[in-house]
Amino acid sequence: PTQPPTPMGNPQTYVDVPSLLTVAGNLYFRYNNFEAFQAPQLIAIAADLNFYQNYNLNRLHVPVLLAVGEDVDVYNCGSLPSLTMQSLIDVGGYISVRSNGVMEQVDMPQLLAVGSYFQIYSCASVELVSLEAIQTIGTYFRVYYSGSSGTRRRLSGGAAGLRVGMPVLREIGTNVELC
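Definitions and cut-offs
- Residues numbered from 1 in each chain as written.
- Predicted model: local features only at pLDDT ≥ 70, side-chain atom pairs only at ≥ 80, totals over all residues.
- Heavy atoms only, no water.
- Helix = DSSP H or I, 4+ residues; strand = E, 2+ residues; numbered from the N terminus.
- Pairing = 2+ DSSP bridges.
- Axes fitted to C-alpha atoms, helices over the stretch in contact; angles between N-to-C directions.
- pLDDT = per-residue confidence, 0-100.
- Contact = heavy atoms within 4.5 Å.
- Buried < 20%, exposed > 50% of the residue type's maximum accessible area, 1.4 Å probe, protein only.
- Phe/Tyr/Trp six-rings, centres within 6.5 Å; stacked < 30°, edge-to-face > 60°.

Draft legend 1. Local environment of the environment of A124. You can see A124 is positioned in the loop between β15 (118-121) and β16 (128-130). When the C-alpha atoms of A124 and S99 are compared, they prove to be 8.4 Å apart, with 25 residues separating the residues in sequence.

Draft legend 2. The arrangement of the sheet that holds strand β17 (residues 136-137) in detail. Across the sheet, 7 strands lie side by side as β2-β5-β8-β11-β14-β17-β20; this open sheet has parallel pairing. Looking at the sheet topology across the chains shown, the edges are occupied by β2 (22-23) and β20 (171-172). Sheet topology note: the strand β8 (residues 67-68)/strand β11 (residues 90-91) ladder contains 2 bridges and is parallel. If you follow A67 over to β11, its bridge partner there is D90.

Draft legend 3. Representation of the sheet that holds strand β4 (residues 36-38). With parallel pairing, the 3 strands of this open sheet are ordered in space as β1-β4-β7. Across the chains shown, the open sheet's two edge strands, defined by having one partner strand only, are β1 (14-16) and β7 (59-61). Each adjacent strand pair in this sheet contributes to an overall mean axis angle of 5 degrees, direction not counted. Taken together, the 3 bridges between β4 and β7 define a ladder with parallel strand orientation. Pairing of Q38 across the sheet is with H61, part of β7.

Draft legend 4. Quick look at the confidence of the model for the protein. Per-residue confidence for the protein gives a mean pLDDT of 87; residues scoring 70 or more make up 84%. Counted against residues more than four places away or in other chains, residues 1-8, with its pLDDT under 50, gives 20 contacts. Under a pLDDT of 50 for its full length, residues 146-159 has, in the predicted model, 26 contacts with residues more than four places off or in other chains.

Draft legend 5. Up close: unusual backbone geometry. Non-glycine residue S99 carries a positive phi angle of around 55 degrees. Inspection of the secondary structure assignment puts S99 in the loop between β12 (95-98) and β13 (105-107). In this structure S99 comes out as partly exposed when scored by relative accessible area, which is 23%. In this structure, S122 takes a positive phi of about 55 degrees despite not being glycine. The topology assignment puts S122 in the loop between β15 and β16. Assessed through its relative accessible area of 17%, S122 is described here as buried.

Draft legend 6. A look at the pairing of strand β6 (residues 49-52). The pairing of strand β3 (residues 27-30) with β6 spans 4 bridges and is classified as parallel. The residue of β6 that forms the bridge with F29 is F51. As paired elements, β6 and strand β9 (residues 72-75) share 4 bridges and run parallel to each other. Directly across from L49, in β9, lies its bridge partner V72.

Draft legend 7. The arrangement of the packing of aromatic side chains in detail. Within this structure, the stated rule accounts for 10 aromatic pairs. With 5.1 Å between their ring centres and 15 degrees between their planes, F29 and F51 make a pair best called stacked. Of this pair, F29 sits in strand β3 while F51 sits in strand β6; the two residues are 22 residues apart in sequence, bridging distant segments of the chain. Looking at F51, the relative accessible area reads 1%, which means it is buried. Ring plane angle 40 degrees and centroid distance 5.6 Å describe the contact between F118 and F141, whose orientation is recorded as tilted. Residue F118 is found in strand β15, and its partner F141 is found in strand β18 (residues 141-144); the two are separated by 23 residues along the sequence.

Draft legend 8. Spatial organisation of the pairing of β12. The sheet contact formed by β9 and β12 spans 4 bridges and is parallel. Its bridge partner lying in β12, V72 is registered against I95. Bridging between β12 and β15 involves 4 bridges; their strand directions are parallel. Within the sheet, the bridge partner assigned to S96 lies in β15 and is Q119.

Below is the structure:
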């Protein structure tokens, strides 16, 4: 395969789908060792987007992804420093970002609506959650950290503390929880 263009850098293992526009079902990546995923033209996924236990993933590039019909789940991608989906507008189900050890930032500046919940769970390094356009979350918004022993700890958000930006949030179904 040819080497992907920047911003991929120079990963040793990667998935590059430069012409993929839509996915009529799910896009699942589970138990892989690749370092980078790039889908520069992907605009819509009809069902789920799922990155599950991809320990070496450190670059996720979907710059024009507008909609995910069901759920977005990023779980145990321990090398991923940030989750940035700059064009994402709508998620029909939930967004769950869990157990991503070095992740410092979740940035979805165009996201307007999440049909179910939005949670960041067991990501103790997260310092910034930027949802500048979010207006509606169907059920709850939660940022929660649980220590390795399962005991609840106060979320410190790394050295700089936690910053959550949702300046135009108008409706949430149940709770906002920061714990």
